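# Geometric and topological summary
One-letter residues, chain by chain:
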Amino acid sequence: MNVVTSAISDGLTLSKRSILKNLRNPDIVVFSSAAPIAFALLFGFVFGSAIDMKGANYREFMIVGILAQTMLMTASNTGAGVAYDMKQGLVDRFRSLPISQAAVLVGRTNGDAVNNVIVMILMSITGLLMGWRIRGSFLDAVLGYLLLFLFAYAASWITAAIGLTIKSPEVLGNIMLMVLLPLTFISNSFVPSEVLPPALRVVADWNPVSAVVEACRQLFGNIPPGRVAPDVLPLQYPITASLLWVALILAIFVPLAIRRYTKAVSK
């Protein structure tokens, strides 16, 4: 069995283990959904009351931003899980087994990806109860959810690399908070980027979160009437830009995370 085949086989085995472990701990899904639901209610019914979308439904506008934010928040579970496993010595058990080094991270990210799907379903139901509707075609909606899923999967490899770098799992929450808040709030997730100050507008227009949110709004049919996307490439071609961002993140952070994991377990 060659290296690639072994990595795939071992990765699938550990993915199944991770999925079953997560399914036996429903509190992971519950607490992963609690904060995004609170954000949705807060922005939809408190802040949304003071935001004028010029005839558009603000709750319909911001739900896609909440979905993107939720996917980033749940992706951080991967980094926390990896950091915890390293601290508890679980990785030492895997090191003693004849398995591919990459399989451990593949199993972790795949297992957490299933949690992302469940959380995405719960958040979509919350959005529907708040008045959000998918106005695009069925195939467009499927593509929209696929983009969110791929973005979350790519982000999980970023958090895995971070989790392998830090020495304390408790620190990861603060690190992810400092990263997630600027990524989601300096974007078009909750307000159109055109209303931001010029310097922040540039950041928001080229923020990968903005491309994903813009693409999903187009696919879900949630673009406000009369709104024209900013004249920047990522928002003019958001679906292509989103796929390119996902590919770039995976190309950088998959080998980086595997290299850091291999280095960590070799000590």
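Residues numbered from 1 in each chain as written. Predicted model: local features only at pLDDT ≥ 70, side-chain atom pairs only at ≥ 80, totals over all residues. Heavy atoms only, no water.

## A few points about the overall build of the protein chain
The line we're drawing: Every helix listed is a DSSP run of H or I at least four residues long, and every strand listed is a run of E at least two residues long, numbered separately from the N terminus. A 1.4 Å probe rolled over the protein chains alone gives each residue an accessible area, and that area as a share of the maximum for its type sets the label: buried under 20%, exposed over 50%, partly exposed in between. It only takes one pair of heavy atoms within 4.5 Å for two residues to be counted as in contact. Computed with the Shrake-Rupley method and a 1.4 Å probe, the accessible areas treat only the protein chains shown as cover for residues.
A tally of helices and strands in the protein chain yields 11 helices and 0 strands. Counting helices and strands in the order they occur from the N terminus, the protein chain gives α-α-α-α-α-α-α-α-α-α-α. Counting only residues that meet the buried cut, the protein chain has 46% of its 267 residues in that class. A sequence separation of at least 24 residues applies to 82% of the contacts in the protein chain between residues at least 6 apart. Counting only carbon and sulfur atoms, one obtains 69% of the accessible surface of the protein chain, whose full area is about 13,100 Å².

## Brief notes about the nonpolar core
We count it as follows: Side-chain atoms within 4.5 Å link the members of a nonpolar core, which is a set of buried Ala, Val, Leu, Ile, Met, Phe, Trp, Tyr and Cys residues.
By size, the foremost hydrophobic cluster in this structure holds 41 residues, and its most contacted members are Tyr58, Met62, Leu67, Leu148, Phe151, Cys216 and Phe220. Of all elements in the fold, only α2 (27-45), α3 (58-88), α5 (101-129), α6 (138-165), α7 (169-185), α9 (208-220) and α11 (238-265) reach the threshold of two or more residues within this core. Sort the elements by how many residues they give to this core and α3 lands first, with 12 residues. Those residues in contact with Phe220, other than ones at most four positions away along the chain, are Val64, Leu67, Trp132, Arg133, Ile134, Arg135, Gly136, Ala141, Gly144, Tyr145 and Leu148. Formed by 12 residues, the second largest nonpolar core is a distinct cluster that contains Leu105, Trp157, Leu164 and Ala257.

## Side note on the packing of aromatic side chains
Defined as follows: Ring pairs shown here join Phe, Tyr and Trp side chains whose ring centres sit within 6.5 Å, with only the six-membered ring taken for Trp; geometry is labelled stacked below 30 degrees between planes, edge-to-face above 60, and tilted in between. Each ring is checked for a lysine NZ or an arginine CZ that lies within 6 Å of its centre and within 35 degrees of its normal; such an atom marks a charge sitting over the ring.
Scanning the entire structure with this criterion turns up 8 aromatic pairs. Ring plane angle 80° and centroid distance 5.6 Å describe the contact between Trp132 and Phe220, whose orientation is recorded as edge-to-face. Of this pair, Trp132 sits in the loop between α5 and α6 while Phe220 sits in helix α9, and the two are 88 residues apart along the sequence. Side by side, Trp132 and Phe220 carry an identical accessibility label, which is buried. Chaining the aromatic ring pairs together yields one cluster made of Phe39, Phe43, Phe185 and Phe190. Taking NZ or CZ as reference, Arg217 lies 3.6 Å from the ring centre of Phe61, over its face.

## Brief notes about α3
What counts here: Helix span is expected to be 1.5 Å times the residue number reduced by one. What qualifies as a polar contact is a pair of N or O atoms within 3.5 Å, subject to a donor-acceptor requirement within protein and to the restriction that residues adjacent in sequence count only when both atoms come from side chains.
For α3, with 31 residues, the first-to-last C-alpha span of 45 Å sits near the 45 Å given by 1.5 Å per residue. Counting buried residues along α3, 23 of its 31 residues qualify, which places the element largely inside the surrounding structure. Put simply, Asn57 is the residue that caps the front of α3, since its side-chain oxygen is 3.0 Å from the backbone nitrogen of Arg59.

## Some thoughts on the side chain of Thr78
The residue Thr78 is located in helix α3 in this model. Leaving out residues up to four positions away in the same chain, Thr78 has contacts with Arg108, Thr109, Asp112, Ser156, Thr159 and Ala160.

## A word on the environment of Thr70
Relative to the helices and strands, Thr70 resides in helix α3. Between the C-alpha atoms of Thr70 and Val119, which are 49 residues apart in sequence, the distance is 8.0 Å. Among all residues touching Thr70, those that are not within four sequence positions of it are Pro36, Val119 and Met123.

## A closer look at the pattern of salt bridges
Threshold: Salt bridges, as used here, are contacts in which a Lys or Arg side-chain nitrogen is within 4 Å of a carboxyl oxygen on Asp or Glu.
All chains considered together, the criterion is met by 1 salt bridge. Between Arg135 and Glu60 there is a salt bridge; the shortest N-O distance is 2.8 Å. Here Arg135 is found in the loop between α5 and α6, whereas its partner Glu60 is found in helix α3, with 75 residues between them in sequence. Judged by its relative accessible area of 9%, Glu60 falls in the buried class.

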